[in-house]
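If you want the building blocks of each chain, they are given just below.
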Amino acid sequence: MLPLTLKMAGDEIMDSGFGQILVNLDKLRTLVRQYVDAHQYSSALFWADKVSSLSNGEGQDVYWLAQCMFLTGQYHRASHLIRSKKLDKKNAACRYLAARCHAEVREWQQALHILDKLDLEARVGPQVRSDDGKDDKLQFDCGIPQHRVESSIALMRGKIFESLDNRDQATESYRTALKLDVYCEEAFQLLVSHHMLTAQEERELIESLPFAKQCPEEEVELVRLLYETKLKKYDKPRELEIPTSLDPLHENLDVVVNQAERNYYNCNFRTAYKITSKVLQQDPYHNTCLPLHIACLTELKKTTELFYLGHKLVDLYPTDPVAWFAVGCYYLTVGGKHDVARRYLTKATTLNRMFGPAWLAFGHSFAEEAEHDQAMAAYFTAAQLMKGCHLPVLYIGLEYGMTNNLKLAERFFKQALNIAPEDPFVLHEMGVVAFQNGDLDTAEKFFMDALEKVQAIEKEMLTEKWEPLLNNLGHVCRKLGRYEESLTYHRQALVLCPQNPSTMAAIGFVHSLQSHFDMAIDYFHKALGLRRDDTFSVTMLAQTIELYIGEMKPYEGAEELPEKFEGIPLPEYNVGDVKLGDVTAELKLEGDGPMMLESWGQDASTSSLDIEVEMEDS
């Protein structure tokens, strides 16, 4: 016979047939939590099930049993358990867990239906008791503050709305979650990384958060600082100002990645690449840094590193869209493999429809093949997903410009300029539109502003991608009659890209306007040596040779021609009928994303990718 014992709080008496056995339920509940902390979810589930039975289905025990089912991937079983006990109507934490179970298996409508139940008891919390007291055992405190549970519900609602393509409702839900709990960084991260707010809306959100009410005085500065480092990505990079008490944050990887992102959005790709490389040396799989690092590798044409990284990520994380995004960017960078690139980018967007950078890269793969409709469809999808990012609208403007729809192109360029007023690519495209509209002074201003931004970023030497900017400055100066200045810009462009026939043809054209026919002929020959079917160079070469012959003396030291030879008609030359096709557009891909792809220098007569720059001089 077992000795008699006193029943204490949390104990349960069992009749085994040999006598009464005293069970300490609190000890078993602690055991369940310890197994959860040790990631032994099966053991936790076993003991949680027994505790729930021993306590005759008390609310907190049923909740922890459902938690263990969720952790072991038994989502429908967990949801059924909660709803069969009607805990989703009695407790907000249970309601959230049931909805989370359906969200895990992408049953969005069912999850939303559970969250939208406006049961008064669930809103007020566990203190509510039914009048007859029969449901008292279903009321419990899950150990999570009520405002944090409500914040989690708002966060889950935002994820569901975003999955259902209801971006406005998702944005509002994330804002609500953040205001209910300022420590809910996930809501803030989703707003920022998915570019759901404009720069102005981001500032207004920061100012509206109740830091003083929810944070202890010593943490207000910390939380606000950490959030602000994620914003202002279009501001000029500068040394991060951190209070002395928080100085160790200088080495925090998240803070360092935010600095890299700011450098990237300011087109300082080399610096961004150096920072991301250092971060990945310490943490090779930093999920925030990886998309940015892939963007830098693509922009800087580091195909070997991109190949190695992409295949390593695919081996380790085959269900992560970033892995397939890296592989797609590799094939997009090596050129000529756009179909293969689209295959992998499609896989990335299938795994995560909201992954904006993959949609941008998908659009680039069509743009390189002059498939403007498909490219714009991808860019418009990216624009819906990344409302606060300037890249999608910039690319839409480029596609409209390439189809000679200048009014719509200018409209989208202005939207991009409002979001990113310091971006040299946007300034360059605004200059192109002004040039094509005949506003040369405005075009020169935009081009010069873009050049100043680029020179401030790339202090050592400009990279090849800026060759169209220098050439277009040369075109503007030529149209304004400043031929020597025009030649200076064209020669600088030739240094960046020595084998560009368009640049050589432009230099030859300026020489012909200066009546330097021998030098003009030389440059037209060089242009045709690089591109034999250059219609402009062929026409100009023939005209320039005729003009040169007309001015030449029959032999050295010959006197003026007799009067009877005066008036021989020379072929009339009207340069206004000739155009030089020169690409003036730059493609740029962003990441959680942006990155850039080099321009194409193709002849306008064979490719609709060119935005032609007229060579007419009146």
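Note that the coordinates shown come from a computational prediction; the quantities given were computed from them, not determined experimentally.

Peer 1: For this particular structure, what's the right way to read the overall build of the chain?
Peer 2: From N to C terminus, the chain includes 31 helices and six strands. Put simply, of all contacts in the chain between residues at least 6 apart along the chain, 59% involve residues at least 24 apart.

Peer 1: Can you help me understand the confidence of the model for the chain in this one?
Peer 2: Caution is warranted with low-pLDDT regions, since their predicted coordinates should not be read in detail. Mean pLDDT for the chain: 81, with 80% of residues reaching 70 or above. The low-confidence segment residues 1–9 (pLDDT under 50) makes nine contacts with residues lying over four places distant or belonging to another chain.

Peer 1: Looking at this structure, how should I read the packing of helix H26 (residues 440–457) against helix H27 (residues 467–479)?
Peer 2: Orientation of H26 relative to H27, taken along the N-to-C sense of each, is 150°, at an axis distance of 10 Å. Considering the angle they form, H26 stands roughly antiparallel to H27. Taken as a pair, H26 and H27 cross one another with a handedness that is left-handed. Along the contact surface, H26 presents Leu 440, Ala 443, Glu 444, Phe 447, Met 448, Ala 450, Leu 451 and Val 454, while H27 presents Leu 469, Leu 470, Asn 472, Leu 473, Val 476 and Lys 479. A breakdown of the residues in the contact of H26 with H27 according to their chemical character gives 11 nonpolar, one polar and two charged.

Peer 1: Can you help me understand the state of the cysteines in this one?
Peer 2: Every disulfide links exactly two cysteines, by a covalent bond between their sulfur atoms. In total, this model carries zero disulfides according to the counting rule given. Cys 296 supplies the cysteine sulfur nearest to Cys 289, a cysteine that is in no disulfide, at a spacing of 8.2 Å.

Peer 1: What should I look at first to understand helix H31 (residues 535–551) in this one?
Peer 2: The α-helix winds at 3.6 residues per turn, so residues separated by three or four positions along the chain end up facing the same way. Over its 17 residues, H31 runs 25 Å from end to end, which matches the ideal 24 Å to within 8%, given 1.5 Å per residue. Turning to H31, its buried residues number three or more, namely Phe 536, Ser 537, Met 540, Leu 541 and Thr 544. For H31, the arc enclosing every buried residue in end-on projection is 120°, short of the 170-degree limit, so these residues lie on one face. Two or three places before Phe 536, at the start of H31, stands the capping residue Asp 534, its side-chain oxygen 3.3 Å from that residue's backbone nitrogen.

Peer 1: What is the right way to look at the pattern of salt bridges in this model?
Peer 2: If charged atoms from side chains of opposite charge come close, those side chains can pair. Summed over all chains, the structure comprises 25 salt bridges. The salt bridge involving Glu 185 is made with Lys 230; its shortest N-O contact spans 3.4 Å. Of this pair, Glu 185 sits in helix H11 (residues 185–193) while Lys 230 sits in the loop between helix H14 (217–228) and helix H15 (253–265); the two residues are 45 residues apart in sequence, bridging distant segments of the chain. Relative accessible area serves as the criterion here: at 32%, Glu 185 is assigned to the partly exposed category. Each of Asp 26, Arg 29, Glu 58 and Asp 61 takes part in salt bridges that share partners, so that together they form one network.

Peer 1: Explain the packing of aromatic side chains to me, please; I cannot follow it from the model alone.
Peer 2: In this description, an aromatic ring pair is defined by two values, namely the gap between the centres and the angle between the planes. In this structure the tally under the stated criterion is 21 aromatic pairs. Considering the side-chain rings of Tyr 379 and Tyr 395, the 5.2 Å spacing of their centres and the 40° angle between planes classify their relative orientation as tilted. Here Tyr 379, found in helix H22 (residues 372–385), pairs with Tyr 395, found in helix H23 (residues 391–402); they are 16 residues apart in sequence, far enough to count as distant. Side by side, Tyr 379 and Tyr 395 carry an identical accessibility label, which is buried. Centre to centre, the rings of Tyr 400 and Phe 412 are 5.6 Å apart; their planes meet at 15°, and the pair counts as stacked. Taken together, the residues span a long stretch of sequence, with Tyr 400 in helix H23 and Phe 412 in helix H24 (residues 406–419) at a distance of 12 residues. Overall, Tyr 400 belongs to the buried group, its relative accessible area being 16%. Assessed through its relative accessible area of 8%, Phe 412 is described here as buried. Ring-pair connections join several aromatic residues into one group, and the members of that group are Phe 307, Trp 324, Tyr 330, Tyr 331 and Tyr 344. Arg 343 extends its terminal NZ or CZ atom over the ring of Tyr 344, reaching a point 6.0 Å from the ring centre.

Peer 1: What should I look at first to understand the side chain of Glu 299 in this one?
Peer 2: Looking at the secondary structure, you find Glu 299 in helix H17 (residues 289–299). With a relative accessible area of 4%, Glu 299 lands in the buried category.

Peer 1: What's the story with the environment of Val 393 in this structure? I'm lost.
Peer 2: Mapped onto the elements, Val 393 comes out in helix H23. Note on Val 393: relative accessible area 10%, which makes it buried. Val 393 has contacts with Phe 412, Gln 415 and Ala 416, leaving out every residue within four places of it along the chain.

Peer 1: Explanation requested: helix H12 (residues 199–208) in the structure shown.
Peer 2: Inspection of H12 places Glu 202, Leu 205 and Ile 206 among the buried residues, and these make up the whole buried set. Mapping the buried residues of H12 onto a view down its axis gives an arc of 100°, with all of them on the same face. Contacts made by the buried residues of H12 are with helix H10 (167–180), H11, helix H13 (211–214) and H14.

Peer 1: What is the right way to look at the environment of His 428 in this model?
Peer 2: Summarising the element assignment, His 428 is placed in helix H25 (residues 424–436). The sequence separation of His 428 and Ala 443 amounts to 15 residues, and the corresponding C-alpha distance is 8.6 Å. Among the polar contacts listed, one links the side chain of His 428 to the side chain of Glu 429, at a separation of 3.2 Å. One polar contact links His 428 to Asn 472, side chain to side chain, over a distance of 3.1 Å.

Reading the values: rules and limits
- Residues numbered from 1 in each chain as written.
- Predicted model: local features only at pLDDT ≥ 70, side-chain atom pairs only at ≥ 80, totals over all residues.
- Heavy atoms only, no water.
- Helix = DSSP H or I, 4+ residues; strand = E, 2+ residues; numbered from the N terminus.
- Contact = heavy atoms within 4.5 Å.
- pLDDT = per-residue confidence, 0-100.
- Axes fitted to C-alpha atoms, helices over the stretch in contact; angles between N-to-C directions.
- Parallel < 35°, antiparallel > 145°, perpendicular 65-115°, else oblique.
- Left-handed = near helix turned anticlockwise from the far one by under 90°.
- Nonpolar A, V, L, I, M, F, W, Y, C, P; charged D, E, K, R; others polar.
- Disulfide = S-S within 2.5 Å.
- Expected span 1.5 Å × (residues − 1).
- Buried < 20%, exposed > 50% of the residue type's maximum accessible area, 1.4 Å probe, protein only.
- Arc of directions from axis to C-beta.
- Polar contact = N/O pair within 3.5 Å; in protein donor to acceptor, adjacent residues only side chain to side chain.
- Salt bridge = Lys/Arg side-chain N within 4 Å of Asp/Glu carboxyl O.
- Phe/Tyr/Trp six-rings, centres within 6.5 Å; stacked < 30°, edge-to-face > 60°.
- Lys NZ or Arg CZ within 6 Å of the ring centre and 35° of its normal.

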